Amino acid sequence: MFGKRKFECELDEELRSFVELQAAEKVRCGMPPEDALREAWRELGGMEQVKEKVRDVRSGAFMESLSQDIRYALRTLRRNRGFASIAILTLGLGIGANTAIFSVVDSVLLKPLPYPEPDRLLTLWECSRADGRFDGVAAANFYDWREQSRSFSRMAAIDPYPDFILNGAGNATAQRLSGADVSADFFALLGTRMALGRDFLPEEDRPERNQVVILSYATWQRYFAGRADILGRSVPLNGTDYTIVGVLPRDFTFVTKSSDYHARNQFDLYRPMALPSPPPEWMRGTHPLCVLARLKPQATQQQAQADLDRIAANLERLYPRFDKGIGVAAVPLNRHVVADVRGALLALLAAIGLLLLITCANVANLLLTRAVARGREITLRAALGASRSRLARLLMTESLVLTASGGLLGLLLAYAAVPAVVRHLPADLPRTGEIAVDGRVLIFTSAVTLLAGLLFGLAPVLYASGSLRQRGRGIAGGPSRLRGALVIGQVAIALILLTGASVMAKSLWKLLQVSPGFRSGDLLTARLSLPPQYTNHYQFGTGVHREISAVQQRVLDRVRRIPGVESAAFTAYLPLSGADNDWAFYVEGRPPKPPGEFDAAHYRPVGPGYFETMGIPIERGRGFTAGDNEDGLLVIVINQAMARRFWGAANPLGERLRFGDVKWRTIVGIAGDIHHDGLDVPAAPEMYVPYAQVPNVEARPTIVLRTAVEPWSLAAPLRRAIASVDRNIPVDQITTMQQLISNSAGQPRFRTAVVLTFSLLALFVASLGLYGVMSYLVTQRMQEFGIRMALGATHAAVMRLIFGQAARIVGIGMALGLAGAALLSRAIATLLYGVAALDGLALASVTTLLALVALVAVYFPARRAAQGDPIESLRHY
Amino acid sequence: MPPTEPELLQGTLDLLILKSLALEEMHGMGIARRVAQITNGAFEVKAGSLFPALYRMEHAGWLTSFWGESETKRRSKFYRLTAAGRKRLKTESARWERISLAMASALRAT
């Protein structure tokens, strides 16, 4: 408790003085001084005992007066229900919104990662020295980094691409399971203990020895009914038998940025990566891995980076063909995971902080009004001997009772709102599974509540002590100036929020206006997983994958017969689905590039009829036909961006280029550009290759259907059609193109919705504040208005007076708000698409909106002032 | 005879303290001495009762305290009645008189 030390010191001094005075008296009565002092101490009956008795009284009195204060506060609030409910509701909304958003931000951004010593975990990337772009890691590079580095206690890799088909038992259809290949100590590095069974052994991480799998908890439950005896059992995956050695704990997640692996981070099962030792050279050419490393206890990130730089320089010298210009970037895992969303979330947190400030200002205003009304009560209490600190505590208790109720309401609102917020979160936000109103959030809410209470509770206390000092004279000026300042602050904050919301809304609108480059309506898509008998066991070469073409043709034949299907086609990487691939190419007749440099473009295997089905225009030449098969001329269609980049004004039609398989392919057409990676991402160079002529296996093609009916209604017929071709082809990711486009704008949509909601709330609260302060001013100046009108002022003149005063408050608030918006504009600039952070139209419209709302808020008090009867108001005062 | 049950006499002690302070401000020792004087030595107030009472009464707003210098130049804490304290003294005195009258007549009755 405050003042406890002072209390103890004073008590000690007082008692000593008591004893000495007592002794002095005894001396006066004739006792020798030393006897007198001893006798006085004896009569005191023990210093500590006396002190203890006084302390008892003190703590008892404190508790008693505290409970008195609380009871008093509750009583007053009950008596002023209107005031109390407005205050509590405002606070509840403010605190509730803060709690809900904080629970999201906390889980995504602030909570430590769910691994031991998470701040020692790094992700390692290959990083282009030219433009700083990150790429996945080549398996052979990972091998060398692990062998040669000295700063890490462990380094592990995960290849997130393998897929497995779990062969159905009996009549059940086959299931596609998403898998990942991991180096043997991947789980040990993360500090994960198996729920059942064991981790991978080092000797299982070798070629031909890796027919073992670890299941995720969900897979164990779903496909193996959670039975404990599955350890050691074998499961048929892709036609090979694998032995189950372990099951991961229920809460295990591999936390990652969802854009890293095309939204793959929840895996059904894991298999040892089994890198050959040493790895063959071609493993330097593809870059599929994500590499994790755990720093040694004494090592710093800088040392690790220096260590890796040394190794990278070495590799560059040894393998210039693959590693020229490629460095290593070490990024802490927690920073890497949230790199894309950090800015947006912090902007949201700032927005709700502002909302809470407005709320506090409003409640402070309400309390001030009451403090003025209660001026007489307070003066009376002071006159009756209540100390200033006692009064301050009384008022403070009232404020804190208010906030506590508001905080409780806010918590309830947050409990109700969080599940809804989670449902509307953008799909690519990491770690959303952990979002909950938990202990951390409760602590945050309590702290915010207490802070809010102290913040606005101070206003009436300051006012009361000020008015006591002045002994009740001239109390009007102080609080109305303070109240004016509070309203100015509210207007300013509301304008900042509105500006942010309006530019974000405009940006979202512009984004959704962007044409994806194809006709996105009435498209249904689904992803197939072709069992191994169709994929020819990983052969590389053009024209050897006839089984795939054949099964695709059989599927298309069935699907095209579904009533309502206009056309159908296959593609490997659907636009806006997150799936993608880049390939290097060489154009015939051009000088070879130096080692490590090559031209590359996005690689798009598509089947015949793809351009027609998607509605992608062919600008020149032709699209693909059924004749572009294994036996036909090898052909290619490039997009406009590729033509521009690599041929400029020249005509690419008839030119030839080749990939790694060294077969020449002739450019026969130029397709229109599409937005493959997002509506806000400009089209990149793309090259389309007929499915039948691709050199590599594509086991997971996507089928696209253009429908004459509502696309969703064909989902079930599509499943049936595919099952009728082969029951062992799993089908998943059934969705519409519209849904994919909508998902791709999930983040801007979410943050715009949140900020818009908050800014409207802020506008409402600020207008309430303005209304309150103007009503109060009018009441105070009624007498003045009466005199003015008695002296001949018209109603209009009185109204002008009021509006003039309001205009000053709102004007200053707006000026401050615009300045604030300008300051904050840089923070949100990166979140916007196609609109400046200080957009003129947006600024003009929110300023107008705010002015209109202010006008309405001021109109009612002004009318009351003008309509008041001058005689009446003069008599009353 | 000194009182043995301080709780019994709490109201009494409060009243005696208020009464002692009615004329002038005093430190704790002065109050103890004054109580002994005005009760003709019937009440000998111990420190263990006096100081808790003083603290309680100050907190209730009947007394205020300040640091001053005693007659022996010793720094001491002085107490003074507040307006509320004076009011309290008046009402408590009246109540006490009523009670003692009633007690006296009750004891005289046969």
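Positions within a chain are numbered from 1, following the residues in the order the chain's sequence is written. Just so you know, chain letters begin at A and ligand numbers begin at 1, following the order they were written in. Where totals are concerned, whole chains, interfaces and linings use all residues; where local detail is concerned, this predicted model gives features only for residues with pLDDT of at least 70, and gives and counts side-chain atom pairs only at 80 or more.

## Describing the overall build of chain B
Point 1. Only DSSP runs of H or I covering at least 4 residues are called helices, and only runs of E covering at least 2 are called strands; the numbering of each starts at the N terminus. The number of helices and strands found in chain B is 4 helices and 3 strands.
Point 2. Along chain B, helices (α) and strands (β) appear in the sequence α-β-α-α-β-β-α when read from the amino end.
Point 3. By the criterion used throughout, residues are in contact when their C-beta atoms, derived from the backbone, lie within 7 Å. For chain B, the share of sequence-separated contacts (at least 6 apart) that also reach a separation of at least 24 residues comes to 46%.

## Observations regarding the overall build of chain A
Point 1. Scanning chain A from N- to C-terminus turns up 25 helices and 23 strands.
Point 2. When burial is assessed residue by residue, chain A has 42% of its 877 residues classed as buried.
Point 3. Across chain A, the fraction of contacts at a sequence separation of at least 24, relative to all contacts at a separation of at least 6, is 83%. Any residue surrounded by 20 or more other C-beta atoms within 10 Å of its C-beta is treated as buried, while 12 or fewer makes it exposed and the intermediate range makes it partly exposed; C-beta atoms here are placed from the backbone.

## Remarks on the interface of chain A and chain B
Point 1. Listed by partner, the interface residues are 21 residues for chain A and 21 residues for chain B.
Point 2. For the side of chain A that touches chain B, the elements supplying multiple residues, two or more each, are helix H1 (4–28) and helix H3 (47–79) of chain A.
Point 3. Residue contributions to the side of chain A that touches chain B peak at 9 residues, all from H1 of chain A.
Point 4. Of the residues in the side of chain A that touches chain B, the class split is 11 nonpolar, 5 polar and 5 charged. Asp, Glu, Lys and Arg are counted as charged, while Ala, Val, Leu, Ile, Met, Phe, Trp, Tyr, Cys and Pro are counted as nonpolar; the rest, among them Gly, fall into the polar class.

## A word on the sheet that holds strand E3 (residues 75–81) of chain B
Point 1. The pairing criterion for strands is at least two bridges between them, as found by DSSP. Read across the sheet, 3 strands follow the order E1-E3-E2 (chain B) without closing on themselves; strand pairing throughout is antiparallel. Since the sheet does not close on itself, it has two edges, and those belong to strand E1 (26–27) and strand E2 (63–69) of chain B, each with one partner.

## A word on the environment of valine 765 of chain A
Residues and elements named next belong to chain A.
Point 1. Mapped onto the secondary structure, valine 765 falls in helix H22 (residues 746–790).
Point 2. A count of 22 C-beta atoms within 10 Å places valine 765 in the buried class.
Point 3. Residues valine 765 and isoleucine 358, 407 residues apart in the sequence, show an inter-C-alpha distance of 7.1 Å.

## A closer look at the nonpolar core
Residues and elements named next belong to chain A.
Point 1. By definition, a nonpolar core groups buried Ala, Val, Leu, Ile, Met, Phe, Trp, Tyr and Cys residues that connect through C-beta atoms lying within 7 Å of each other. In terms of nonpolar packing, the biggest core is built from 175 residues, with Ala494, Leu497 and Ala762 touching the most fellow members.
Point 2. Looking at this core element by element, the count peaks at 18 residues for helix H11 (residues 342–373).
Point 3. The next biggest cluster of nonpolar side chains, apart from the first, holds 54 residues, and it includes Met642, Val694, Val704 and Leu714.

## Examining unusual backbone geometry
Residues and elements named next belong to chain A.
Point 1. In this model, serine 277 is joined to proline 278 through a cis peptide bond whose omega is -5°.
Point 2. With a phi angle near 70°, glutamate 208 is a residue other than glycine that sits in the positive phi range.
Point 3. Turning to its location among the elements, glutamate 208 is positioned in the loop between strand E6 (196–197) and strand E7 (212–215).
Point 4. One non-glycine residue with positive phi stands out, namely glutamine 733, at about 55°.

## Points about the pairing of strand E1 (residues 121–128) of chain A
Residues and elements named next belong to chain A.
Point 1. The element E1 is largely enclosed, with a buried count of 7 among its 8 residues.
Point 2. Examined bridge by bridge, E1 and strand E11 (residues 290–295) share 4 bridges and lie antiparallel to one another. Considered in E11, the bridge of threonine 123 is made with leucine 292.
Point 3. Where E1 lies against strand E12 (residues 326–332), 7 bridges are found, and the strand directions are antiparallel. Looking across to E12, one finds that tryptophan 125 is bridged to alanine 329.
Point 4. Pairing analysis gives 2 bridges linking E1 to strand E2 (residues 134–135), with the strands arranged antiparallel.

## Quick notes on the packing of helix H2 (residues 28–38) of chain B against helix H3 (residues 47–60) of chain B
When two helices pack together, their arrangement is given by the angle between the helix axes and the distance between those axes.
All names here are of chain B.
Point 1. Look at H2 against H3: their axes get within 11 Å of each other, and the N-to-C directions meet at 115°. The pairing of H2 with H3 is recorded here as roughly perpendicular in orientation. In this structure, H2 crosses over H3, and the sense of that crossing is right-handed. Of the residues in H3, those in contact with Gly28, Ile31 and Ala32 of H2 are Leu50, Phe51 and Leu54.
Point 2. Residue composition of the contact of H2 with H3, by class: 5 nonpolar, 1 polar and no charged. To get an axis, a line is fitted to the C-alpha atoms, and for a helix only the part in contact is used. The angle between two axes follows their N-to-C directions and goes from 0 to 180 degrees. Between 65 and 115 degrees an angle is taken as roughly perpendicular, under 35 as roughly parallel, over 145 as roughly antiparallel, and anywhere else as oblique. Note on convention: near helix rotated counterclockwise from far helix by under a right angle means a left-handed crossing. Clockwise means right-handed.

## Topic: helix H17 (residues 546–560) of chain A
Point 1. For a helix, the expected span equals 1.5 Å multiplied by the residue count minus one. In a regular helix each residue adds 1.5 Å, so 15 residues correspond to 21 Å; H17 of chain A covers 21 Å between its end C-alpha atoms and thus fits that length.
Point 2. Within the span of H17 of chain A, buried status applies to Ile548, Ser549, Val551, Gln552, Val555, Leu556 and Val559 of chain A.

## Some words on the environment of glutamate 34 of chain A
Point 1. Tracing the chain through its elements places glutamate 34 of chain A in helix H2 (residues 33–44).
Point 2. With 11 residues separating them in the primary sequence, glutamate 34 of chain A and alanine 23 of chain A have C-alpha atoms 8.8 Å apart.

## Details of the packing of helix H23 (residues 795–829) of chain A against helix H24 (residues 840–867) of chain A
All names here are of chain A.
Point 1. In the contact formed by H23 and H24, the axes pass within 9 Å of each other and the chain directions differ by 145°. Helix-helix and strand crossings are classified by hand; for H23 and H24 the assignment is right-handed. Facing His795, Val798, Met799, Ile802, Phe803, Ala806, Val810 and Met814 of H23, the residues of H24 in contact are Thr847, Leu850, Ala851, Ala854, Val858, Pro861, Ala862, Ala865 and Ala866.
Point 2. Taken together, the residues of the contact of H23 with H24 break down into 15 nonpolar, 2 polar and no charged.

## A look at the environment of phenylalanine 267 of chain A
All names here are of chain A.
Point 1. Along the polypeptide, phenylalanine 267 turns up in the loop between strand E9 (240–247) and strand E10 (269–272).
Point 2. As a C-alpha pair, phenylalanine 267 and glycine 179 span 88 residues in sequence and 5.3 Å in three-dimensional space.
Point 3. Apart from the residues lying within four places of it in its own chain, the contact partners of phenylalanine 267 are Ser178, Gly179, Ala180 and Ser216.

## Considering the confidence of the model for chain B
Detailed reading of the predicted coordinates is not advisable wherever pLDDT falls low.
All names here are of chain B.
Point 1. A residue-level look at chain B finds 90% of positions with pLDDT of 70 or above and a mean pLDDT of 83.
Point 2. Each residue carries a pLDDT score, the predictor's own confidence in it, on a scale running from 0 to 100. Scored below 50 in pLDDT, residues 1–8 makes 4 contacts in the model with residues more than four places away or belonging to other chains.
Point 3. What the predictor reports for the complex is a pTM of 0.67 with an ipTM of 0.84.

## Quick look at the confidence of the model for chain A
Point 1. In this model, chain A carries an average pLDDT of 84, and 92% of its residues clear a pLDDT of 70 or more.
Point 2. Here residues 471–477 of chain A is a poorly scored stretch, pLDDT under 50, and it has 8 contacts once near neighbours within four places are set aside; other chains count.

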